[in-house]
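Residue-level listing of the chains:
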Amino acid sequence: MKRLILIVAAVVVAGCSAVAKEDASIKTRNEAEEAAVKRIVVVEGAQIPGHAKYTELGRVQGVCVRAPWYDDDTSIQRIGFKHAAYDKYGDKVDAIIKVDSFFVADNQSYGMSEPGNAAGHLNCQGTAVHFESAS
């Protein structure tokens, strides 16, 4: 009986250790993503001040503006613009260029479907780029 209790205790401790390691790993990944997202520059045109040369990675789209009252469970599913770029291209993204936006009405919206007149959000789209070293 004592042996069984010791085995169960050992399994519980090992399981808790694995959970703690996974939690630390997730926290590290989240911190790395947040740092990368903070440094992404967003511009409407194709010129990035201080960066004449860059490589286009590809198109990206995501939620760029959401009304303050628009904070329900479904809004979490709609990824932010810079995070969408990071998810698609990783930490290679230095900027998003040629950005434009469009209004997306919610499924519950009736009648007018324009910003300010309907529940919804603005989506942004653009081209993710990576800065080339000046050499």
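Residues numbered from 1 in each chain as written. Predicted model: local features only at pLDDT ≥ 70, side-chain atom pairs only at ≥ 80, totals over all residues. Heavy atoms only, no water.

1. So, the state of the cysteines
Test applied: In this description, a disulfide is simply a cysteine sulfur pair whose atoms lie within 2.5 Å. Only DSSP runs of H or I reaching four residues or more are called helices, and only runs of E reaching two or more are called strands; each is numbered from the N terminus. Relative accessibility under 20% of the residue-type maximum defines a buried residue, over 50% an exposed one, and the middle range a partly exposed one, all with a 1.4 Å probe and only protein chains included.
Applying the stated criterion to the full structure yields one disulfide. Note that Cys-64 is cross-linked by a disulfide to Cys-124, the S-S spacing being 2.2 Å. Handedness here is read from the sign of the S-S torsion; for Cys-64 and Cys-124, about 80 degrees, the answer is right-handed. With Cys-64 in strand 2 (residues 54-66) and Cys-124 in strand 4 (residues 120-131), this pair connects stretches of sequence that are 60 residues apart. For Cys-64, a relative accessible area of 28% puts it in the partly exposed group. Residue Cys-124 is classed as buried on the basis of its relative accessible area of 9%.

2. Points about the confidence of the model for the protein chain
Cut-off, in case you're wondering: The predictor rates its confidence in each residue with pLDDT, a number between 0 and 100.
Per-chain confidence: the protein chain averages 76 in pLDDT, with 66% of residues scoring 70 or above. Taken element by element, the protein chain is modelled with least confidence in helix 1 (residues 2-39), mean pLDDT 71, and with most confidence in helix 2 (residues 81-89), mean pLDDT 92.

3. Describing the side chain of Asp-94
Our working definition: Counted as a polar contact is a pair of N or O atoms within 3.5 Å, where, for protein atoms, one must be capable of donating a hydrogen and the other of accepting one, and residues adjacent in sequence contribute only when both atoms are in side chains. Here, residues are in contact when the closest pair of their heavy atoms is within 4.5 Å.
Within the element layout of this structure, Asp-94 appears in the loop between helix 2 and strand 3 (95-105). Of the polar contacts made by the side chain of Asp-94, one reaches the side chain of His-130; its length is 3.0 Å. Excluding its chain neighbours within four sequence positions, the residues that come into contact with Asp-94 are Arg-39, Ile-40, Val-41, Val-129, His-130 and Phe-131.

4. Digging into the pattern of salt bridges
The line we're drawing: One side-chain nitrogen of Lys or Arg within 4 Å of one carboxyl oxygen of Asp or Glu is enough to make a salt bridge.
Following the criterion strictly, the structure yields two salt bridges and no others. With a closest N to O distance of 2.7 Å, Arg-39 and Asp-94 form a salt bridge. Of the two residues, Arg-39 is situated in helix 1 and Asp-94 in the loop between helix 2 and strand 3; the sequence distance between them amounts to 55 residues. On the basis of relative accessibility, which here comes to 37%, the residue Arg-39 falls in the partly exposed class. Of the charged contacts, one joins Lys-98 and Glu-56 as a salt bridge, the two residues approaching to 3.2 Å between their closest N and O atoms. Here the residue Lys-98 occupies a position in strand 3, and Glu-56 occupies one in strand 2, the gap between them amounting to 42 residues. Looking at Lys-98, the relative accessible area reads 39%, which means it is partly exposed. With a relative accessible area of 46%, Glu-56 lands in the partly exposed category.

5. Some words on the environment of Glu-44
Checked against the element boundaries, Glu-44 lands in the loop between strand 1 (41-42) and strand 2. Taking the C-alpha atoms as reference points, Glu-44 and Gly-126, separated by 82 residues in sequence, lie 8.3 Å from one another. Glu-44 has contacts with Lys-98 and Val-99, leaving out every residue within four places of it along the chain.

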